Amino acid sequence: MTGVQTCALPICFPVTIQTPTIKKKYVSLEELAESSMNAILTHIEKDNLFDLTCQFAASVWLENQGNGTFKTHLLPWQAQLAPINTILCYDWQQDGFPEIFIAGNEYQTEITTGRYDALYGQILANEQGKLRAYPLGYQGFFFRGDTKAMALLKQPKHTSLLVGNNNLPLKAFTLP
Ligand SMILES: [Ca+2]
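Figured I'd write up the structure that's included with this text. (Residues numbered from 1 in each chain as written. Predicted model: local features only at pLDDT ≥ 70, side-chain atom pairs only at ≥ 80, totals over all residues.)

The strand order across the open sheet built from 3 strands is β7-β8-β9, with neighbouring strands paired in antiparallel fashion. Across the chains shown, the open sheet's two edge strands, defined by having one partner strand only, are β7 (147-154) and β9 (171-175). With direction set aside, neighbouring strand axes in the sheet form an average angle of 20°. Here strand β8 (residues 159-165) pairs with β9 via 5 bridges, running antiparallel. (Pairing = 2+ DSSP bridges. Helix = DSSP H or I, 4+ residues; strand = E, 2+ residues; numbered from the N terminus. Axes fitted to C-alpha atoms, helices over the stretch in contact; angles between N-to-C directions.)

This is the structure we're talking about:
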């Protein structure tokens, strides 16, 4: 006994769900962690594999600079709290610069990952192209949920912003 504890490879560990042969090959997380990617994938035909690379993980907006080139701008940190699923532009003050309404979250994650639920709806002020986050809950725009879609509904005297969430009733906010 060396005093080193090993942790059994849980059957619900994401990689063992997606590649069950790994579960048979490795009995502990320690063994798996110490193995190279080539060693782990010895049983897989590598000709059919391809590499994917993530440059960064953030929500951004892209500025079209013409000639097929785009400049990347990070959204404010308040928009980085969870995945954004829906974006809607509406000129709140009618000054010619549409505000950006964002909503999202993701409840369908694997149980070992945990759900993304930190976004309660956010309005970004568009100050002549520079984005600034309004305070959370500004003008009552605040809601919980796994938001998947928003839409504007123009009515005779005002515009409604409709917010659709999984497993929750449709929400409506009155816009000026
Ligand atoms: Ca505006």
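Okay, the nonpolar core next. In this structure, A79, A82, I100, F101, I102, A103, L119, I123, L124, M150 and V163 together form the largest nonpolar core, which totals 11 residues. The element contributing the most residues to this core is strand β4 (residues 99-104), with 4 residues. (Core = buried A, V, L, I, M, F, W, Y, C linked by C-beta atoms within 7 Å. Buried ≥ 20, exposed ≤ 12 C-beta atoms within 10 Å, placed from the backbone.)

Attention shifts here to unusual backbone geometry. Of note, the phi angle at Q94 is positive, near 55°, even though the residue is not glycine. Its place among the elements puts Q94 in the loop between β3 (84-90) and β4. Assessed through the 9 C-beta atoms surrounding it within 10 Å, Q94 is described here as exposed. Even without being glycine, N105 reaches a positive phi, approximately 90°. In this fold, N105 is placed in the loop between β4 and β5 (122-127).

It is worth spelling out the environment of L131 at this point. Topologically, L131 is positioned in strand β6 (residues 130-133). Using a count of 16 C-beta atoms within 10 Å as the deciding quantity, one classes L131 as partly exposed. Taking the C-alpha atoms as reference points, L131 and K171, separated by 40 residues in sequence, lie 25 Å from one another. Apart from residues lying up to four places away in sequence, L131 is in contact with L75, P76, I100, L124, A125 and N126. (Contact = placed C-beta atoms within 7 Å.)

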